[in-house]
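Observations on chain architecture
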Amino acid sequence: MIQFVLIWLLSAIALVITAYIVPGFAVTSFASALLAAVILGLLNAIAKPILVLLTLPLTVVTLGLFLFIINALVIWLAGAITPGFVVTGFFPALLGSIVLTLVTSLLTFLVGSVRR
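Residues numbered from 1 in each chain as written. Predicted model: local features only at pLDDT ≥ 70, side-chain atom pairs only at ≥ 80, totals over all residues. Heavy atoms only, no water.

1. What about the packing of aromatic side chains?
Evaluated as defined, the whole model comprises three aromatic pairs. When the ring of Phe90 is compared with that of Phe91, the centres are 5.6 Å apart and the planes differ by 70°; the resulting orientation is edge-to-face. Overall, the relative accessible area of 22% leaves Phe90 in the partly exposed class. For Phe91, a relative accessible area of 64% puts it in the exposed group. Each residue in the set Trp76, Phe90 and Phe91 is aromatic and connected to the rest through ring pairs, giving one cluster. (Phe/Tyr/Trp six-rings, centres within 6.5 Å; stacked < 30°, edge-to-face > 60°. Buried < 20%, exposed > 50% of the residue type's maximum accessible area, 1.4 Å probe, protein only.)

Structure (structure tokens):
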């Protein structure tokens, strides 16, 4: 259970850091970041596998690069349905998905090395 809460907090912190880096990507408060992390987790668990399955031929043809588009669409959708989490367009969502992945990976690595 503590692992789940830690990952949730790290995701929210990564969203806040990404909002500082990417223009057009905004989080109004940490509570909004926590809610957005939950919404993103749910969308990644439910909607993303369906999108990946539906676009599998296109993903294979582009050697997996289309997965960046799917990630951007999921983040854009999360921004549309989460109050306090704003993504102003597709390109901020695309850049935000890349930065969010890098920041989350870095935070997970740092916390993992501290916990040992």
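2. Side note on the nonpolar core
Of all hydrophobic cores here, the largest spans 29 residues; its most connected members are Leu15, Phe25, Leu40, Ile75 and Phe85. Breaking this core down by element, the ones donating at least two residues are helix 1 (2-21), strand 1 (25-27), helix 2 (30-54), helix 4 (66-81), strand 2 (85-87) and helix 5 (90-115). If one sorts the elements of this core by residue count, helix 2 sits on top with seven residues. Not counting chain neighbours up to four residues away, the residues in contact with Phe25 comprise Leu15, Thr18, Ala19, Ile75, Phe85, Val86, Val87, Pro92 and Gly96. (Core = buried A, V, L, I, M, F, W, Y, C linked by side-chain atoms within 4.5 Å. Helix = DSSP H or I, 4+ residues; strand = E, 2+ residues; numbered from the N terminus. Contact = heavy atoms within 4.5 Å.)

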